[in-house]
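Here is what each chain is made of, one letter per residue.
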Amino acid sequence: MTGAASSASRIAADVRGGRRSAVEITREALARCDRHAELGALLYVARDTALAAASRLDARRAAGEPLGTLAGVPVVVKDALCTIDAPTTCASRILTRDGTPATGWRPPYDAEAVARLRAADAIVLGKANLDEFAMGSSTEHGAFGATHNPADPTRTAGGSSGGSAAAVASGLAPLALGSDTGGSIRQPASFTGVVGIKPTYGRVSRRGLVAFASSLDCVGPLAATVEDAALLLAVVAGHDPLDSTSLDARAGDYVAACGREVAGLRVGVPREYLETGLEPEVEASFREGLAQLGRAGCEIVDVSLPSTRLAVATYYVIAAAEASSNLARLDGVRFGLRVEPPAGGIAALHAATRSRGFGAEVKRRILLGTWVLSAGYYDAYYLRAQRARTLIREDFVRAFASVDAIAAPVSPVPAFRLGERLDDPLSMYLADALTLPPSLAGLPALSVPSRPTRPTGDRPALPVGLQLVAPPLEEERLLALAAAVERAATP
Amino acid sequence: MSLDRETVARVARLARIELSDSELEGLVRDLERIVAYVDEIGALPLEAVPPTAHAPGATLPLRPDAPLPCLDREVALAEAPRQAESAFAVPEFVTE
Amino acid sequence: MSARWETVVGLEVHAQLLTRTKLFCGCPTSAGAPPNVQVCAVCLGLPGALPAANREAIVLGVRAALALGLTVHEESVFARKSYFYPDLPKGYQISQFERPLATGGQLDLETSAGPRRVTLQRLHLEEDAGKSVHGHGGDSLVDLNRAGVPLAEIVSAPDLRSGEEAATYLRALRDVLVFQGVNDGNLESGSFRCDANVSVRRQGSDTLGTRVELKNLNSFRFVQRAIEAEARRQVALLEAGAAVDAETRSYDPEADRTASLRGKEEAHDYRYFPDPDLPPLRVDEALLEAARAGLGESPAALRARWTEGLGVPAAAARTLASHPRIAEFFQRALALGADARRAAAWIPTEVLRGAEIDGLAATFRVTPEQVTELLALVEEGVLSGKQAKDLQLEVEGTDASPRAIAEGRGLRVVADEAALAALCDELIAGAERQVAAYRKGQRGVLGWFVGQAMQRTRGAADPRLVTRLLTERLDKPAS
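Analysis parameters
- Residues numbered from 1 in each chain as written.
- Chains lettered and ligands numbered in written order.
- Predicted model: local features only at pLDDT ≥ 70, side-chain atom pairs only at ≥ 80, totals over all residues.
- Heavy atoms only, no water.
- Contact = heavy atoms within 4.5 Å.
- Buried area = accessible area lost by both parts, 1.4 Å probe.
- Salt bridge = Lys/Arg side-chain N within 4 Å of Asp/Glu carboxyl O.
- Helix = DSSP H or I, 4+ residues; strand = E, 2+ residues; numbered from the N terminus.
- Polar contact = N/O pair within 3.5 Å; in protein donor to acceptor, adjacent residues only side chain to side chain.
- Buried < 20%, exposed > 50% of the residue type's maximum accessible area, 1.4 Å probe, protein only.
- Nonpolar A, V, L, I, M, F, W, Y, C, P; charged D, E, K, R; others polar.
- Pairing = 2+ DSSP bridges.
- Phe/Tyr/Trp six-rings, centres within 6.5 Å; stacked < 30°, edge-to-face > 60°.
- Core = buried A, V, L, I, M, F, W, Y, C linked by side-chain atoms within 4.5 Å.
- Axes fitted to C-alpha atoms, helices over the stretch in contact; angles between N-to-C directions.
- Parallel < 35°, antiparallel > 145°, perpendicular 65-115°, else oblique.
- Arc of directions from axis to C-beta.

Q: Report on the interface of chain B and chain C, specifying residues and quantitative values.
A: Contacts between chain B and chain C engage 35 residues on the former and 56 residues on the latter. Approximately 3700 Å² of surface area, both sides summed, lies buried where chain B meets chain C, with 60% of it carried by carbon and sulfur atoms. On inspection of chain B and its partner chain C, the count reaches one salt bridge. A salt bridge links B:R82 to C:D139; its shortest N-O distance comes to 2.6 Å. Of all the secondary structure elements, the ones that give two or more residues to the side of chain B that touches chain C are β1 (62-63), α3 (73-78) and β3 (87-91) of chain B.

Q: Pulling in residues and values, what's your account of the side chain of C:R249?
A: Residue and element names in this part refer to chain C. Inspection of the secondary structure puts R249 in strand β14 (residues 248-252). Within the structure, R249 has its side chain in polar contact with the side chain of T258 (distance 2.9 Å). What R249 contacts, discounting residues up to four positions off in sequence, is V212, E213, L214, K215, E230, R233, T258, A259, S260 and L261.

Q: Describe the pattern of salt bridges, with residues and values.
A: Under the counting rule described, the total for this entry stands at 72 salt bridges over all chains. Close ionic contact of A:E283 with A:R287 constitutes a salt bridge, the shortest N to O distance being 3.2 Å. Note that A:E283 and A:R287 are positioned in helix α10 (residues 280-295) at a spacing of four residues, about one turn of the helix. Looking at A:R287, the relative accessible area reads 40%, which means it is partly exposed. Here C:E285 ties to C:R292 by a salt bridge, and the two come within 3.6 Å at their closest N and O atoms. A relative accessible area of 38% places C:R292 in the partly exposed class. A cluster of three or more residues bridged by salt bridges with shared partners is formed by A:E112, A:R116, A:R207 and A:D240.

Q: Give me the interface of chain B and chain A: which residues, what numbers.
A: Taken together, the contacts link 54 residues of chain B with 56 residues of chain A. Across the chain B/chain A interface, buried area totals approximately 5000 Å², and carbon plus sulfur atoms make up 66% of it. For the pair chain B and chain A, the number of links is five salt bridges. A:K363 is the partner of B:E23 in a salt bridge, and the nearest nitrogen-oxygen pair spans 2.9 Å. For the pair chain B and chain A, the interface holds 16 residue pairs in polar contact (both at pLDDT 80 or more). With nine residues, helix α2 (residues 21-38) of chain B is the largest single contributor of residues to the side of chain B that touches chain A. Classifying every residue of the side of chain B that touches chain A gives 38 nonpolar, four polar and 12 charged.

Q: Mind laying out the sheet that holds β3(B), listing which residues take part and the relevant values?
A: One open sheet accounts for four strands, arranged β2(B)-β3(B)-β10(C)-β9(C); its pairing is antiparallel. Single-partner strands in this sheet number two, and they are β2 (83-84) of chain B together with β9 (131-136) of chain C. Examined bridge by bridge, β9(C) and strand β10 (residues 139-143) of chain C share four bridges and lie antiparallel to one another. By the bridge assignment, C:K131 is partnered in β10(C) with C:D143.

Q: Kindly report on the packing of aromatic side chains, identifying the contributing residues and their values.
A: Geometrically, a pair of aromatic rings is defined through the distance of the ring centres and the angle of the planes. Overall, the coordinates contain 19 aromatic pairs over all chains when judged by the stated rule. With 5.6 Å between their ring centres and 70° between their planes, A:Y382 and C:F273 make a pair best called edge-to-face. One end of the pair, A:Y382, is in helix α14 (residues 378-400); the other, C:F273, is in strand β16 (residues 273-274), on a second chain. By relative accessible area, which is 2% here, A:Y382 ends up buried. Ring centres of C:F329 and C:F364 lie 5.0 Å apart, and the angle between their planes is 65°; on these two criteria the pair is classed as edge-to-face. In this pair, C:F329 is assigned in helix α7 (residues 324-335) and C:F364 in the loop between β19 (361-363) and α9 (368-379), connecting sequence segments 35 residues apart.

Q: Describe the environment of A:L67, listing the residues and the values that go with them.
A: All names here are of chain A. For L67, the position within the fold is in the loop between α3 (47-62) and β2 (74-78). The class of L67 is buried, set by a relative accessible area of 14%. Placed 389 residues apart in sequence, L67 and T456 show a C-alpha to C-alpha distance of 48 Å. Setting aside residues up to four positions removed in sequence, L67 forms contacts with V15, R16, L57, R60, R61 and D121.

Q: Residues and numbers for the pairing of β10(C), please.
A: In terms of residue burial, β10(C) counts as a mostly covered element, since five of its five residues are buried. Residues C:D139, C:L141 and C:D143 line one face of β10(C) and the alternating positions C:S140 and C:V142 line the opposite face, and both faces are buried. The sheet contact formed by β3(B) and β10(C) spans four bridges and is antiparallel. Across the sheet, the residue bridging to B:F88 is C:V142, located in β10(C).

Q: Can you break down the nonpolar core residue by residue, with the values?
A: Of all hydrophobic cores here, the largest spans 184 residues; its most connected members are A:L70, A:F133, A:L293, A:F396 and A:L468. In terms of residue count, the dominant contributor to this core is helix α11 (residues 311-326) of chain A (11 residues). A:F133 has contacts with A:C90, A:S92, A:I94, A:L95, A:V210, A:F212, A:L327, A:L330, A:F358 and A:V362, leaving out every residue within four places of it along the chain. If you look at the next biggest cluster of nonpolar residues, it comprises 62 residues, including B:L60, C:A152, C:V182 and C:V198.

Q: Talk me through the environment of A:S411; I want residue IDs and the actual numbers.
A: Residues and elements named next belong to chain A. Mapped onto the elements of the fold, S411 is located in the loop between β11 (405-409) and α15 (425-430). Since its relative accessible area comes to 7%, S411 is described here as buried. C-alpha of S411 to C-alpha of P188: the two residues are 223 residues apart in sequence and 9.8 Å apart in space. Once residues within four sequence positions are removed from consideration, S411 is found in contact with F191, V282 and L434. A distance of 2.7 Å separates the side chain of S411 from the backbone oxygen of V413, its partner in a polar contact.

Q: Give me the lowdown on the packing of helix α13 (residues 360-373) of chain A against helix α1 (residues 5-14) of chain B, citing residues and values where you can.
A: How two helices pack is summed up by the angle between their axes together with the distance between the axes. Remark: α13(A) packs on α1(B), axes separated minimally by 9 Å, with the N-to-C direction vectors making an angle of 95°. One way to sum up the angle between α13(A) and α1(B) is to call them roughly perpendicular. Residues A:L367, A:T370 and A:W371 of α13(A) pack against B:T7, B:V8, B:V11, B:A12 and B:L14 of α1(B). Within the contact of α13(A) with α1(B), the residues separate by chemical class into six nonpolar, two polar and no charged.

Q: Hey, could you go over helix α10 (residues 385-395) of chain C for me, with residue numbers and the actual values?
A: In an α-helix, one full turn covers 3.6 residues, which means residues spaced three or four apart are oriented alike. All names here are of chain C. All buried positions along α10 are accounted for by Q387, A388, L391, Q392 and V395. Relative to the axis of α10, the buried residues are bounded by an arc of 140° and lie together on one face. Elements that come into contact with the buried residues of α10 comprise α8 (340-351), α9 and α11 (402-409). One or two steps after α10, the chain reaches G397, where phi turns positive at roughly 80°.

Have a look at this one:
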């Protein structure tokens, strides 16, 4: 990891203690954004508002006011989260006035997670690139360009939170907010070599996250270290009475959890996951990760999650159905793009706007989702998928009766080349098989960097992440295990 | 179940998405493959399994009937592609 | 319409619930605001917005269900109903489908054909859509103030057999909802809306014919006439060998005809599924208690109690039970000791004449306390009926006590028989022509004499006594 050098907790301590100014830190971060613009990590750099916020922060510190836990820390926010002072496009033309990102939609409010960031005195540095409406696993499906992997710019940074992951990996900012519906934080974290956490469903408010699949979407942190990710999670987690799916449960002490002892914990490895055909280097990295856990005192155990093979189909039916419904509000009437055919009526306006505004992958999913919900097909697809989801959930309940956490690879392959998978959507979906089941079960899960692949003539060393999954509400246990892996990996 | 061209066209109309002929061709192909894969779930005996629509045990929280701040009208209309007389303007849609 | 045919009607009522804020957000629900000022990210359907359910809407929905004898389900589910329409910002309406709040109730009606019981299939909660105005230079203009207002949808079984029965049902349903403080019963403003599903079939058949939905019916009279017009149209079609199309139609009152509604999508596929943003609604004991606490006696129960228990005439009872504030007025007067029959005669005329009724609110120019005093003064013989009416006019808008005024002025009914007898003698002596006419058989002339006597005593005479004295004298053979 280069550039940002300081961890988030160090920066915040320095700003609170008056040793560094927020303006200076922000300027440096903005300079890094300029230097690394070709990575395509950010869709928008909040230059003026970030400097203004930093300046206000410095003034408050000078006046002796107490500052928040993220004082002066630059944070990059996935462009699916609403920001009141920056455009929010979800990497889609339909959330712009004229098809260009400069005319992106201006929400009249901050997402709740963003509001909590600001309340902790973080500085919103910019909006991160993503797959359009978070639909994709490579951040190539956005309307405004792809994000490149800092480890090898010919490869994707993963997706859909590829911009957030690349921003942290390239040191633009120590922290980023992303969203994870089927792996969209974990997989890019794995591909770029950073830490990415998908909290328990409902742990972080979804208010202000442009909805993709409402029963699966989670807002979560990305950072270079486990402790920094924990710091950000502590700021955004917690009950929101205006999000009806928000958990009414006290957030844990996530930073402290990083130092907790893990010896004696039982970690299960689902045998079905190893049958999915992992690239040998990925499998080797996974074995090394298990060994690290073993050296930390964990007992590695075999478990079975027999419904794993249903996960891809179940996920894609449910996610597409919910997405098709969530995106119906994008109709050119009240905001965003409007394409008004001269002789047409309102139906023509809707159709022309949506056809020109949505990209191919989004259209595919809207059509699939509309179809599985339509009359005559609801029982056969959507309802059945909801039943299969119960089986997948129950698999985990049974497994967690005998283990404290589950370890698995994140992806069968490391970062693939840009453009390699664009023509075959199904193959892209199948690669999500390892991250989907915890999403369907609403469980907390993360990716922590494990041993990278060995460099070959064809490709440099590529990051590989280790996935850890815990029972609902057990983020602290996850963080403790991830920190142990991190300590073991650091020479 | 297969997803033929006519079905995809009908679904596109339901979803208010206009497709060119080549787009339609491509989508029919893609969707057929996806659906054939997804049909795996169709083969399973799932009737006895209850569907998961929401997190288990979750119930709807209720908020008090007290007003919360509204948006200023200018703000509400600020992003409107077209407005008139403080309302969102669209091509006329009822002709009775 | 030929007697071979039977009209079959089911009604869907959408009643706005009287909450302060919308169903899923905290915007106010009050009517009459300028366009698009009562909106927020949630009811505008902006990306990222999430619904948060209003407890009071649930309480009122449960109260309405209890008042209508429906079974309230402990668990029900909000579902998304998808269709594209400019006044539906999210592209779906949050409603309830497979698991509604309540099912299985009834409404008892008094129709011209006798008492009827109409089965209610369900009551569920849903959010209202916005409003649009059309014809604006080729544009329609959308106002989202109303989007998100809570509605109770009440669906009857197809148990009604005529337009008249339908109107009776709607009035009775409205009375119940108004009485329970759930809805303000205002058809013109659209806070109480009705759609009718109409089909016809041959008498004696028990299969249902193709049904047509009638929408935009904004008065009870129009509902009745629209149903009748539609039934006639369907019968004519079927008798001519054609088929009835399942469609949506509106009613043109001037032509007294229904017409197909253009501009609305036919063949909707609503693609209902449980809303993932809203976990299942649980109606617990606390919520049921809150609903029951506000539950008053139904208008029907009040009418029965007054007519059977207190001897109040049916017509008066109907008026007194037609509005919760009127019923309250009457009941308060009773509580203060007013005679039921006198009060039931007085209030519908003397009190309602000057009253202003606006939705659930009503302002009366007098109080139950004042009316109770006035009625007592008449009963005691201190005032005549006319004097009481005049005195009421005097105290209107004040909180003066009629009794205090009457005593202060020494108002008395002149019931001194000797004095009145002398007056009658005097009147008769000076009205030979009228006396002759009376004795020739024109009994009505008696009224003239009574009037004269009332005039001479400035309304203070006891009219019954005067009448008796006059009659006794006039009926005596001429001496």
